[in-house]
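Next come the chains, spelled out residue by residue.
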Amino acid sequence: MNKLTHTDRAGRALMVDVGAKEIRLRIAKARGHITLAEDTLKLIQDNLLKKGDVLTVAQLAGINAAKHTSDLIPLCHNIVLDGIKVEVLSDNSGVTAQSEIRCTGRTGAEMESLTAVSVALLTVYDMCKAVDKHMIIDNVSLVGKIKK
């Protein structure tokens, strides 16, 4: 098993020094899903929820979350993001969120992509909690990572 990178020899938290790493284009893609009741899904698709357009608000929340990842995750580096794409789409069992984050630097993109998807799905949950008590967020995962 490999050593954890965010701890020192004594096991204390450590922010990794990435200064010696090569600057590269980094792209990370993530995806996740929230299962919704059929009635809730219909309300979203017809844009009839009192809180507003769920899919657009969730998309914007995901974009904002990607930009603030280092504020949320203590040992995550603050990086300049070159591009953020977040899509939030309804499907036959709920809503799928997916993100693609691009940056040029020594580290980054995975945590930003995962955070974007997670917050987008949490936003759907928040906007629908008054009408659906059985929502399930699942399958949040990194689905692609490229370094060029």
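Residues numbered from 1 in each chain as written. Predicted model: local features only at pLDDT ≥ 70, side-chain atom pairs only at ≥ 80, totals over all residues. Heavy atoms only, no water.

1. As for the overall build of the protein chain
Counting its secondary structure elements, the protein chain contains 4 helices and 4 strands. Ordered by position from N to C terminus, the α and β elements of the protein chain give β-α-α-α-β-β-α-β. Along the first, second and third principal axes, the C-alpha atoms of the protein chain reach 50 × 30 × 25 Å. Considering only contacts in the protein chain between residues 6 or more positions apart, those separated by 24 or more positions represent 74%. A total of about 9,000 Å² of accessible surface is found on the protein chain, and carbon and sulfur atoms cover 54% of it. For the protein chain, the centre of its 20 positive side-chain charges and the centre of its 17 negative side-chain charges are spaced 8 Å apart. (Helix = DSSP H or I, 4+ residues; strand = E, 2+ residues; numbered from the N terminus. Contact = heavy atoms within 4.5 Å. Areas by Shrake-Rupley, 256 points an atom, 1.4 Å probe, with all protein chains shown as cover. Lys, Arg positive; Asp, Glu negative; His and termini not counted. Charge placed at Lys NZ, Arg CZ, Asp CG, Glu CD.)

2. Thoughts on the side chain of Ser 113
Relative to the assigned elements, Ser 113 resides in helix H4 (residues 110-128). If near-sequence neighbours (up to four positions away) are discounted, Ser 113 is found in contact with Ala 28, Lys 29, Ala 30, Ser 99, Glu 100 and Ile 101.

3. Description of the packing of helix H2 (residues 54-67) against H4
In contact at an axis separation of 7 Å, H2 and H4 are set at 145 degrees when each is read in the N-to-C sense. Every pair of crossing elements has a handedness; the one defined by H2 and H4 is right-handed. The residues of H4 that touch H2, namely those facing Val 54, Val 57, Ala 58, Ala 61, Gly 62, Ala 65 and Ala 66, are Glu 112, Thr 115, Ala 116, Val 119, Ala 120, Thr 123, Val 124, Met 127 and Cys 128. For the contact of H2 with H4, the per-class residue count stands at 12 nonpolar, 3 polar and 1 charged. (Axes fitted to C-alpha atoms, helices over the stretch in contact; angles between N-to-C directions. Left-handed = near helix turned anticlockwise from the far one by under 90°. Nonpolar A, V, L, I, M, F, W, Y, C, P; charged D, E, K, R; others polar.)

4. What to know about the side chain of Thr 69
Among the structural elements, Thr 69 can be located in helix H3 (residues 69-72). Under the relative-accessibility criterion, Thr 69 is labelled buried at 1%. Dropping the residues within four chain positions of it, Thr 69 is found in contact with Cys 76, Met 111, Glu 112 and Thr 115. (Buried < 20%, exposed > 50% of the residue type's maximum accessible area, 1.4 Å probe, protein only.)

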